[in-house]
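For reference, the chains in residue letters:
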Amino acid sequence: MDAERLVAIGRRALAECRAALDVVAEAWQAQALAQAIGSQLAVSGPQELRGEARGLSEAGGRAGMLADPAVLRAGGPRAAQLTEVADPGRSLDALGTLLGEVGIALVGVACATDEEGLYWQCIEAIDAADESSDHVRAMLHRLALCERERERRRAHGWERDREDGAGGRRLAARRPDPAEPTASPP
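In what follows, the accompanying structure is described. (Residues numbered from 1 in each chain as written. Predicted model: local features only at pLDDT ≥ 70, side-chain atom pairs only at ≥ 80, totals over all residues. Heavy atoms only, no water.)

### What about the overall build of the chain?
Part 1 of the reasoning: Looking only at helices and strands, the chain has five helices and zero strands in total.
Part 2 of the reasoning: Taken from the N to the C terminus, the helices and strands of the chain come in the order α-α-α-α-α.
Part 3 of the reasoning: For the chain, buried positions account for 37% of its 186 residues.
Part 4 of the reasoning: If you take every contact in the chain between residues at least 6 apart in sequence, the share linking residues at least 24 apart comes to 75%.
Part 5 of the reasoning: When the accessible surface of the chain is split by element, carbon and sulfur atoms take 53% of a total near 11,000 Å². (Helix = DSSP H or I, 4+ residues; strand = E, 2+ residues; numbered from the N terminus. Buried < 20%, exposed > 50% of the residue type's maximum accessible area, 1.4 Å probe, protein only. Contact = heavy atoms within 4.5 Å. Areas by Shrake-Rupley, 256 points an atom, 1.4 Å probe, with all protein chains shown as cover.)

### Notes on the pattern of salt bridges
Part 1 of the reasoning: As enumerated under the stated definition, the model contains nine salt bridges in all.
Part 2 of the reasoning: The partner of glutamate 4 in a salt bridge is arginine 90, and the shortest N-O contact between them spans 3.0 Å. Residue glutamate 4 is found in helix H1 (residues 3-16), and its partner arginine 90 is found in helix H4 (residues 88-112); the two are separated by 86 residues along the sequence.
Part 3 of the reasoning: Assessed through its relative accessible area of 54%, arginine 90 is described here as exposed.
Part 4 of the reasoning: Of the charged contacts in the structure, one is a salt bridge between arginine 11 and glutamate 101, with a shortest N-O distance of 2.5 Å. One end of the pair, arginine 11, is in helix H1; the other, glutamate 101, is in helix H4, with 90 residues separating them in the sequence.
Part 5 of the reasoning: The class for arginine 11 is partly exposed, based on a relative accessible area of 35%. (Salt bridge = Lys/Arg side-chain N within 4 Å of Asp/Glu carboxyl O.)

### A short note on the packing of helix H2 (residues 20-44) against H4
Part 1 of the reasoning: Relative to each other, H2 and H4 sit at 155 degrees, their axes nearing to 10 Å. With respect to H4, the element H2 is oriented roughly antiparallel. In the packing of H2 onto H4, the handedness of the crossing is left-handed. Contacts from Ala20, Val23, Val24, Glu26, Ala27, Ala30, Gln31, Leu33, Ala34, Ile37 and Leu41 in H2 reach Pro88, Leu92, Leu95, Leu98, Leu99, Val102, Ala105, Leu106 and Val109 in H4.
Part 2 of the reasoning: Classifying every residue of the contact of H2 with H4 gives 18 nonpolar, one polar and one charged. (Axes fitted to C-alpha atoms, helices over the stretch in contact; angles between N-to-C directions. Parallel < 35°, antiparallel > 145°, perpendicular 65-115°, else oblique. Left-handed = near helix turned anticlockwise from the far one by under 90°. Nonpolar A, V, L, I, M, F, W, Y, C, P; charged D, E, K, R; others polar.)

### Let's talk about the packing of H1 against H2
Part 1 of the reasoning: One way to put it is that H1 packs onto H2 with a least axis distance of 10 Å and a crossing angle of 170 degrees. Looking at the two axes, H1 sits roughly antiparallel to H2. Contacts between H1 and H2 involve Ala3, Leu6, Val7, Gly10, Ala13 and Leu14 from the first element and Val23, Glu26, Leu33 and Ile37 from the second.

### With respect to the environment of isoleucine 123
Part 1 of the reasoning: Locating isoleucine 123 in the fold gives a position in helix H5 (residues 116-155).
Part 2 of the reasoning: Here the alpha-carbon distance between isoleucine 123 and valine 109, two residues 14 residues apart in the chain, equals 9.9 Å.

### Let's talk about the environment of proline 88
Part 1 of the reasoning: Tracing the sequence through the fold places proline 88 in helix H4.
Part 2 of the reasoning: For proline 88 and alanine 3, which are 85 residues apart along the polypeptide, the C-alpha to C-alpha distance reads 8.8 Å.
Part 3 of the reasoning: Setting aside its immediate chain neighbours within four residues, proline 88 contacts Leu41, Pro46, Leu49 and Leu143.

### Description of the side chain of arginine 78
Part 1 of the reasoning: Structurally, the position occupied by arginine 78 is in the loop between helix H3 (50-66) and H4.
Part 2 of the reasoning: Non-local contacts of arginine 78, meaning those with residues more than four positions away in its chain, are made with Leu6, Ile9, Gly10, Ala13, Glu26 and Gln29.

### Quick word on the nonpolar core
Part 1 of the reasoning: Ile37, Leu92, Leu95, Val102 and Leu106 are the most contacted members of the largest nonpolar core, which totals 40 residues.
Part 2 of the reasoning: At the level of secondary structure, the elements contributing two or more residues to this core comprise H1, H2, H3, H4 and H5.
Part 3 of the reasoning: In this structure leucine 95 touches Val7, Ala30, Ala34, Ile37, Leu56 and Val136, once residues within four positions along its chain are discounted. (Core = buried A, V, L, I, M, F, W, Y, C linked by side-chain atoms within 4.5 Å.)

Dropping the structure here:
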């Protein structure tokens, strides 16, 4: 299942939560999804995102270790259904929105509870969502910078079409041909 669809399912499930523990469970579901998206992008995403994607995967994984297994709903993490991240920019944007909504819901639960254990679970989940959000924002920023650079290069006719190798001119220095005479003195 595509990342954007899983994020939409997570947002809907979060919106339907009526109990505090359900909100916490959805927070951990979101972290598992962040880990899965990060892992997928680290392996097969755009080259410029791979380092930050590993960070997202690690952050999601660390957060998942904090989750109380009894809190996760039956059926395990939804993230196990992830098969592709078709559009990294849109998927990351959607994931960032979900993580923001998770943070807001967790603040509401933390403020409303008198139970110390639940309060600290919320605080840990808020920290985890915040760390994952930082990675998502960094990756979205990097994508935006790369797109601006591609647009600038296209506008100047410098960009090579990487799909089929056609068009444009190269800016990189060409390797000298050993058979070609050089201009250097003897």
